[in-house]
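Chain residues, written in single-letter form:
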Amino acid sequence: MNSLDRKLFRDLLRQWGQLIAIALVVSCGIASFVMSLSAYDSLKFTKTTYYNQYRFAEVFASLKRAPETLSDRITEIPGVGQVQTRIVVDVILDVPEKEQPATGRMISLPSQQHPMLNDIYIRRGRYIEAGRGDEVLVSESFAKANNLKLEDTLGAVINGRWQKLRIVGIAISPEYIYEVRGGASLFPDNERFGILWMEREALATAFDMDGAFNNVTLTLSRGASEQNVIDRLDRILERYGGLGAYPREDQLSNHIVDGEIKELEGMTTVIPTLFLAIAAFLLHVVLSRLIATQREQIAILKAFGYTKAAIGFHYLKFVMAIVLFGATLGTILGLWMGKGLTELYAEFLRFPIFRYNADWRVVFGAIAISIFGAIVGGLGSVYKAVSLPPAVAMRPEPPPEFKPTLIERWGLQNLFSPAGRIILRNLERKPLQASLSILGIALAVAILITGRYFEDAVTYLVDVQFRHVQREDVTIVFNEPRPARTRYEVAKLPGVVQSEVFRSVPAKLRFQHYQHRSGLTGIQANAELLRLVDRSLNTVNLPADGVVLTKKLAEILHVQPGDVLTVEVLEADRPVRSIPVVGLVDELMGLSAYMEINALNKLMREGQTISGAYLRVDANLANKLYTRLKEIPAVAAFTTRQAALDSFNEISGKNMRVMTFILVIFASIITFSVVYNSARIALSERSRELASLRILGFTRAEIAFILLGEQAILILLAIPIGFLLGYGFAAYMSWTYNQELFRLPLIITRSAYAFTFLVVSIASVISGFIIRRQLNNLDLIAVLKTRE
Amino acid sequence: MKGIETQQQTVFRMEEVSKTYQMGEVKVRALKSINLELEEGELIVLLGPSGSGKSTLLNILGGLDVPTEGRVWFKGRNLTKASDADLTRFRRECVGFVFQFYNLIPSLTARENVALVTEIAVHPMRPREALGLVGLDERLDHFPAQLSGGEQQRVAIARAIAKRPQVLLCDEPTGALDFQTGKRVLEAIELVNKELGTTTAIITHNAGIAAMADKVITMRSGEITDIQRNLVKVKPSQLEW
Ligand SMILES: Nc1ncnc2c1ncn2[C@@H]1O[C@H](COP(=O)(O)OP(=O)(O)O)[C@@H](O)[C@H]1O
Ligand SMILES: [Mg+2]
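Parameters and conventions
- Residues numbered from 1 in each chain as written.
- Chains lettered and ligands numbered in written order.
- Predicted model: local features only at pLDDT ≥ 70, side-chain atom pairs only at ≥ 80, totals over all residues.
- Heavy atoms only, no water.
- Helix = DSSP H or I, 4+ residues; strand = E, 2+ residues; numbered from the N terminus.
- Buried < 20%, exposed > 50% of the residue type's maximum accessible area, 1.4 Å probe, protein only.
- Contact = heavy atoms within 4.5 Å.
- Areas by Shrake-Rupley, 256 points an atom, 1.4 Å probe, with all protein chains shown as cover.
- Rg over C-alpha atoms; globule rule 2.2 N^0.38 Å.
- Expected span 1.5 Å × (residues − 1).
- Bend = angle between axes of the 7 residues up to and from the residue.
- Buried area = accessible area lost by both parts, 1.4 Å probe.
- Salt bridge = Lys/Arg side-chain N within 4 Å of Asp/Glu carboxyl O.
- Polar contact = N/O pair within 3.5 Å; in protein donor to acceptor, adjacent residues only side chain to side chain.
- Core = buried A, V, L, I, M, F, W, Y, C linked by side-chain atoms within 4.5 Å.
- Domains from an automatic or database assignment.
- Lys, Arg positive; Asp, Glu negative; His and termini not counted.
- pLDDT = per-residue confidence, 0-100.
- Pairing = 2+ DSSP bridges.
- Axes fitted to C-alpha atoms, helices over the stretch in contact; angles between N-to-C directions.
- 1 Å grid on protein atoms, 1.4 Å probe; cavity = no way out; pocket = protein on both sides within 12 Å on 5 of 7 lines; lining within 4 Å.
- Points joined across faces, edges and corners; volume = space filled by probe spheres on them.
- Nonpolar A, V, L, I, M, F, W, Y, C, P; charged D, E, K, R; others polar.

### Quick notes on the overall build of chain A
Then step 1. Counting secondary structure elements, chain A contains 23 helices and 20 strands.
Then step 2. In terms of overall dimensions, chain A has C-alpha extents of about 100 × 55 × 50 Å along its principal axes.
Then step 3. A total of 788 residues make up chain A; the buried ones form 55% of that total.
Then step 4. Long-range contacts, defined here as pairs at least 24 residues apart, represent 82% of the contacts in chain A between residues at least 6 apart.
Then step 5. Put simply, chain A shows about 34400 Å² of open surface, and 57% of that area lies on carbon and sulfur atoms.

This is how it looks when you write it as structure tokens:
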């Protein structure tokens, strides 16, 4: 080690406290970068591998019924790779020891060999045997949620007949990573919805589908146009009650999985950037101070012939050392957390394979961005150091210039004690450094607000969706449209206190060249169990004619109230009609198009017809209702609001708590680091002044007040700015989370502000405490002896 | 060192050198048309009151600063035309500096302070040897804070001479020291001048020191008012002030 490096090493050691604080900020940034990027890469890779190995289809379509011969015509569509026809039906299941009925989606499997597309991975047990119509494979999540084991039996009403199904295997499939039923339920409820795979022949016999199919999936050949294939497929299936084909991108499970993975991608940029920006700022502050105190040392090095490059590199190495230390720590931590996170996700998503691969890109990326941060942070001061002419550097720095401050110009100085005036003048003299400190703390505040925002927004979303919009206890869906008089039977079911019927129709909505494949929901004009609400949660009236859209759907279709939509119904006679948009609702989950139920019946040119009902149930009689529902063949699906709420909370809640915890730690580190560093530097710059004050008879408390008072003012200024900034971040988040599945409203609660204030205050007080102790150890004589 | 006594060679030549500092609106003329020649192996003392331009002159000689007007030669090398990089090389290869406040690097030991210079020099002494010359072989591994002012200044001298410079420039080397300590420092400088034949310039505002010089240059308000040659040099140990 040469002497200059030895100096570097000792300079680093002397300020270790400050430097570790900065390195921690760097390591937080790098850790979050490495963690999220490696998890993102790994999950994407794992997902793709899973999809490929299990031949996940690329286009999906449901229809009413088509002869198997149609499959050849589908195969002939240019661009189609492989075609797999299936039978898919939802049935009500009686799960042993469960009161509530569950919905099972039965999917046909070829009995001889594994399916060509959407293959299953058998975790336990075996594949179904040919000719055994009572054997089923059950999805793992459903089995787990209901404690189902091999050889257990499930009761099911299959086409009006009570039947026992024997579980021979537990399986998973790339098609149902998230087991979501679709329609109104967008979140998995593994206890009440699951996938059952069954031999095709048996399923065909039960549902009158011999030599026919009602679901087709296919892959595309290389270079094929997805949209062309979908259009051609739709045309072929039109005659057979096709419900509209859709690409893998819109496949619900895949859509949710991609959303989850995408969230990680978002984390790879925003948070690390914030941290590195703060680290760069702290490095700048510390290095400028170091260079200011080493003016003469720099001059000496120059006098003895050290080149500018050598001196510049010396100080750059100083920042590099801190940053690389932080980056190494962060990378190790990030790899560890990344592996954990990937594992967590892979387990959560039940991937049968698991690959954690943090390639060199991640590590080099981390090092590159940290070096970039170091250079950004260090460059200004390093440049100042090397451009200092040696002769000038030998002369002591001129004393800082003090001008009358605003306070004096406004004649307010008598309001402040001398100590107060010292504080104010110091703040005014170094506006840039003060503003940067404020910005650093404000960012920490903003990070906390953003973290809390997620929690609050989701709570609000849940409240709106499950208390204001959906107010029913149970929703039942019939396997096919029923005459309106069925409602009286429904009302008479045990435990039903109130019931409202609905009609839902699969349809394509079109406006100009925009279109969306969703449905129309007809509800009663005076509906109470499903309320249409606007932004302020006021009830929106449902006009007797026209359609009311979820605002997000209106956005997608580029329509406003008054525009006329083209509705292409995908059921029965498939009428195509024009309907005016008459209103918008602010629902936060899913996309809906509502009509008055009679208007919808009229549009369908049908008599009064219903698809299902919302029920309010007497809790004491609920079990009776459930038992009864299990026996009614006409009921194809059944959901309870509480179950949906629980499932949503379970999925989002855990993630939120972990996120908030991490963000609190991150923000505390930032706050501590910024406050500690700026106070340390103020102490170093002004130790002479403070020592002189002590000699003049000021008490320790008084000089602590001068030093820490300055920091306190910075923090107090930073907090409201951070609130604003956090509000901005939250607004940005709310904007990015404006998705089809759900939308996060811009809600920041008072408790979020209070919580943030508390965390920042605690972090500040701790750093203030440490500084206070160092201040008490101020060596008066030594300080006065140093020449400056 | 061939025939130093008989035919002395000119080391530095200054022609019409002026230096003006711009201080806000006012111009400070630190040097006014200086003409000067320094010979090889000479020990020069620069006398003059504070603010008379001594440091400015020395800094220009040492390549730390450049004149506003005029020309400076070092052994036929035109320093006024030199680039920043050339001046850096000039300082690295040819010049040793000693300053009033020692200016040691506080985080390096005596030996390391010297090594700082020997590491980048062409034919340096070993740090221990240089410290031996100034009588500090016992204090090699002490940090500046553990040394007295005189000791620190001797480390600074060791650091300046360790590279065997052709010129040694000392700006008030005894300014911060008491009488006895100052003398020991001057002895060290003289020793270097004599043993190594290094052309040496010492700034002082202390006229008593002038007696040890070959040549005494007196300055006032940026001008050289007098140049004297001492016929008899006094040993530093016998100086009085
Ligand atoms: N960097 C500078 N900026 C402005 N004025 C300077 C600077 N360096 C020296 N001076 C001025 O030049 C004059 C000569 O200074 P200097 O050479 O340091 O004198 P001496 O060393 O004899 O005390 C003084 O008036 C001083 O104030
Ligand atoms: Mg001077």
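### A short note on the overall build of chain B
Then step 1. If you tally the helices and strands in chain B, you get six helices and ten strands.
Then step 2. Against the compact-globule benchmark of 18 Å for 241 residues, chain B has a radius of gyration of 17 Å, which places it among compact chains.
Then step 3. For chain B, the spread of C-alpha atoms along the three principal axes comes to 45 × 45 × 40 Å.
Then step 4. By the burial criterion, 54% of the 241 residues in chain B qualify as buried.
Then step 5. Long-range pairs, those at least 24 residues apart, make up 71% of the contacts in chain B with a sequence separation of at least 6.

### Notes on helix H21 (residues 700-736) of chain A
Then step 1. When the terminal C-alpha atoms of H21(A) are compared, their 51 Å separation across 37 residues agrees well with the 54 Å that a helix rising 1.5 Å per residue should span.
Then step 2. Within H21(A), the axis deviates most sharply at A:Leu708, by approximately 30°.

### Considerations on the interface of chain B and chain A
Accessible area lost upon the coming together of the parts is a frequently used measure of interface size.
Then step 1. Listed by partner, the interface residues are 27 residues for chain B and 22 residues for chain A.
Then step 2. Of the roughly 2200 Å² buried where chain B meets chain A, counting both sides, 62% is carbon and sulfur surface.
Then step 3. Three residues, B:Leu64, B:Asn103 and B:Leu116, lead the burial of chain B against chain A; their summed loss comes to 21% of the area buried on that side.
Then step 4. One salt bridge in this structure joins A:Lys308 and B:Asp84, with 3.8 Å as the shortest N-O distance.
Then step 5. The interface formed by chain B and chain A contains ten residue pairs in polar contact (both at pLDDT 80 or more).
Then step 6. Elements represented by at least two residues in the side of chain B that touches chain A include exactly helix H2 (84-94), strand S6 (95-98), helix H3 (110-118) and helix H5 (149-161) of chain B.

### So, the nonpolar core
Then step 1. A:Phe318, A:Ile523, A:Leu532, A:Leu690 and A:Leu744 are the most contacted members of the largest nonpolar core, which totals 155 residues.
Then step 2. Per element, the largest residue contribution to this core is 19 residues, and it comes from helix H15 (residues 431-469) of chain A.
Then step 3. Among the domains, domain 1 (52-255) and domain 2 (463-647) of chain A are the pair contributing at least three residues each to this core.
Then step 4. Not counting residues up to four positions away in its chain, the partners in contact with A:Leu744 are A:Tyr453, A:Phe454, A:Ala457, A:Val458, A:Leu461, A:Ser734 and A:Tyr737.
Then step 5. B:Cys94, B:Leu136, B:Ala160 and B:Leu169 belong to the second-largest nonpolar core, a separate cluster that totals 72 residues.

### Focus on the side chain of A:Arg577
Residues and elements named next belong to chain A.
Then step 1. Inspection of the secondary structure puts Arg 577 in strand S17 (residues 576-585).
Then step 2. Although Arg 577 is buried, it makes no salt bridge; Asp 573 carries the closest opposite charge, 7.2 Å away.
Then step 3. From its side chain, Arg 577 meets the backbone oxygen of Leu 603 in a polar contact 3.0 Å long.
Then step 4. Leaving out residues up to four positions away in the same chain, Arg 577 has contacts with Leu 565, Thr 566, Val 567, Leu 603 and Arg 605.

### Some thoughts on the confidence of the model for chain A
Then step 1. The predicted model of chain A averages 87 in pLDDT, with 95% of residues at 70 or higher.
Then step 2. Summarising per-element confidence for chain A, the mean pLDDT is lowest in helix H23 (residues 780-785) of chain A (65) and highest in strand S10 (residues 212-220) of chain A (96).

### Quick look at the domain arrangement of chain A
Residue and element names in this part refer to chain A.
Then step 1. Per the domain assignment, the segments making up chain A are domain 1 (52-255) and domain 2 (463-647).
Then step 2. Counting residues at the interface gives 27 residues for domain 1, matched by 21 residues for domain 2.
Then step 3. In this assembly, domain 1 packs against domain 2 so that about 2100 Å² is buried in total across both faces, 57% of it on carbon and sulfur atoms.
Then step 4. Measuring nitrogen to oxygen at the nearest pair gives 2.9 Å for the salt bridge that ties Lys 630 to Asp 94.
Then step 5. Linking domain 1 with domain 2 are nine residue pairs in polar contact (both at pLDDT 80 or more), by the criterion used here.
Then step 6. The set of elements that each furnish at least two residues to the side of domain 1 that touches domain 2 consists of strand S3 (88-94) and helix H6 (226-238).

### Focus: the sheet that holds strand S8 (residues 199-203) of chain B
Residue and element names in this part refer to chain B.
Then step 1. Spatially, the six strands line up as an open sheet ordered S6-S7-S8-S3-S9-S10, and their pairing is mixed. On the outer flanks of this sheet lie S6 and strand S10 (223-229), each paired with one strand and no other. When the angles between neighbouring strand axes are averaged without regard to direction, this sheet yields 15°.
Then step 2. As defined by bridge partners, strand S3 (residues 43-47) adjoins S8 across four bridges and the pair is classed as parallel. By the bridge assignment for S8, Leu 43 is matched with Thr 200.
Then step 3. H5 rests against S6 and strand S7 (167-171) of the sheet, and its axis sits at about 170° to S6.

### Brief notes about empty space enclosed by the protein
Residues and elements named next belong to chain A.
Then step 1. This structure, assessed with the given rule, holds six cavities of 30 Å³ or more.
Then step 2. When its volume is computed, the largest cavity comes out at roughly 150 Å³.
Then step 3. Lining the largest cavity are 15 residues, with Lys 430, Gln 433, Ala 682, Glu 685 and Glu 710 sitting closest to its centre.
Then step 4. Where the lining of the largest cavity is concerned, the elements lending two or more residues are helix H14 (418-429), H15, helix H20 (641-695) and H21.
Then step 5. Residue composition of the lining of the largest cavity, grouped by class: five nonpolar, five polar and five charged.
Then step 6. There is about 60 Å³ of room inside the second largest cavity.

### Some remarks on the sheet that holds strand S11 (residues 246-247) of chain A
Residue and element names in this part refer to chain A.
Then step 1. Strand order in the open sheet made by the four strands is S2-S10-S1-S11, with antiparallel pairing throughout. In this open sheet, the two edge strands, each paired with only one partner strand, are strand S2 (80-86) and S11.
Then step 2. Sheet analysis places S2 next to S10, joined by five bridges and oriented antiparallel. Bridging from a neighbouring strand, Val 80 pairs with Leu 220 of S10.

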